[in-house]
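# Understanding the architecture of this molecule
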Amino acid sequence: PMPMNRRRCTGAHRHCRPASRRRCVDHDDTFRFLSITMLATLLLSAAVAATPTPFDAAQLSGSWSDSVNTSSVCEEARHFTRMQLSDDHQRLAIFNDRTWKSKLGETNRFAATVVAETERSLTLRYDNETRLNAAGKLVEWQLIIVAPGVYR
């Protein structure tokens, strides 16, 4: 008897000669195997592509300053900021070179929880934030690195 996944070659295929007594692999099984292999490859590729690239903390290195006019970014009157992302990417610490007044109070440092990240952005919820958005949830902010040394 022949194995169940093989059948006698009918000679209809080029590689099978009608006069030979050898058996050839059932082409339906080969097609099934290739289909399953291709599907597995596609699913694995989708899973790898779905994994987001983490934010590179090196993008935050150095001192930052707001630049809203044409005067030099290095002039004395500018406020400078340093940012430090925790190793687990859950917290962002922001250090200012002088006291800053904001709706969150008067301080020279802020901290925020990172609620989402992409390769070029962090979505933040500042500590002590009490403002609500239209949906009634705490306001969140996005820090987007648009080019080396430039964020929005």
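Details of the structure are given in the entry above.
These notes cover the structure that comes with them.

## Describing the environment of Gly-149
Assignment of secondary structure puts Gly-149 in the loop between β8 (141-147) and β9 (150-151). On the basis of relative accessible area, Gly-149 is assigned to the exposed category, the value being 56%. C-alpha separation for the pair Gly-149 and Trp-64, spaced 85 residues apart in sequence, amounts to 7.9 Å.

## Describing the side chain of Gln-59
Tracing the backbone shows Gln-59 in the loop between α1 (27-50) and β3 (64-65). A polar atom in the side chain of Gln-59 sits 2.5 Å from the side chain of Arg-120. The contacts of Gln-59, once residues within four sequence positions are left out, are Trp-64, Glu-119, Arg-120 and Ile-145.

## Some details on the environment of Asp-87
Inspection of the secondary structure assignment puts Asp-87 in the loop between β4 (80-85) and β5 (91-102). In sequence terms Asp-87 and Ala-57 are 30 residues apart; their C-alpha atoms lie 8.7 Å from each other.

## Looking at the nonpolar core
Counting 14 residues, the largest nonpolar core has Leu-60, Met-83, Leu-85, Leu-92, Leu-122, Leu-124 and Leu-143 as the members making the most contacts within it. At the level of secondary structure, the elements contributing two or more residues to this core comprise β4, β5, β6 (105-117), β7 (121-126) and β8. Sort the elements by how many residues they give to this core and β6 lands first, with three residues. Not counting the four nearest positions on each side in its chain, Met-83 is found in contact with Leu-60, Trp-64, Leu-92, Ala-93, Ile-94, Leu-143 and Tyr-151.

## Comments concerning unusual backbone geometry
Even without being a glycine, His-89 presents a positive backbone phi close to 65 degrees. Position of His-89 among the secondary structure elements: in the loop between β4 and β5.

Criteria and cut-off values
- The numbers attached to residues start from 1 for each chain and follow its sequence in the written order.
- Where local features are concerned, this predicted model is filtered to residues with pLDDT of at least 70; where side-chain atom pairs are given and counted, the filter is 80 or more; whole-chain, interface and lining totals use all residues.
- The basis for every side-chain value is the complete set of heavy atoms in the structure, and neither hydrogens nor water enter the calculation.
- Put simply, DSSP marks the helices as runs of H or I at least four residues long and the strands as runs of E at least two long, and each gets a number from the N terminus on.
- Burial classes: relative accessible area under 20% of the type maximum marks a residue as buried, over 50% as exposed, and values in between as partly exposed (1.4 Å probe, protein chains only).
- Polar contact is defined as a pair of N or O atoms within 3.5 Å, subject to the rule that within protein one atom must be able to donate a hydrogen and the other to accept it, and that residues adjacent in sequence are counted only when both atoms are side-chain atoms.
- When checking whether two residues touch, look at their non-hydrogen atoms; a contact exists if any pair is within 4.5 Å.
- By nonpolar core we mean a set of buried residues, namely Ala, Val, Leu, Ile, Met, Phe, Trp, Tyr and Cys, connected to one another through side-chain atoms within 4.5 Å.

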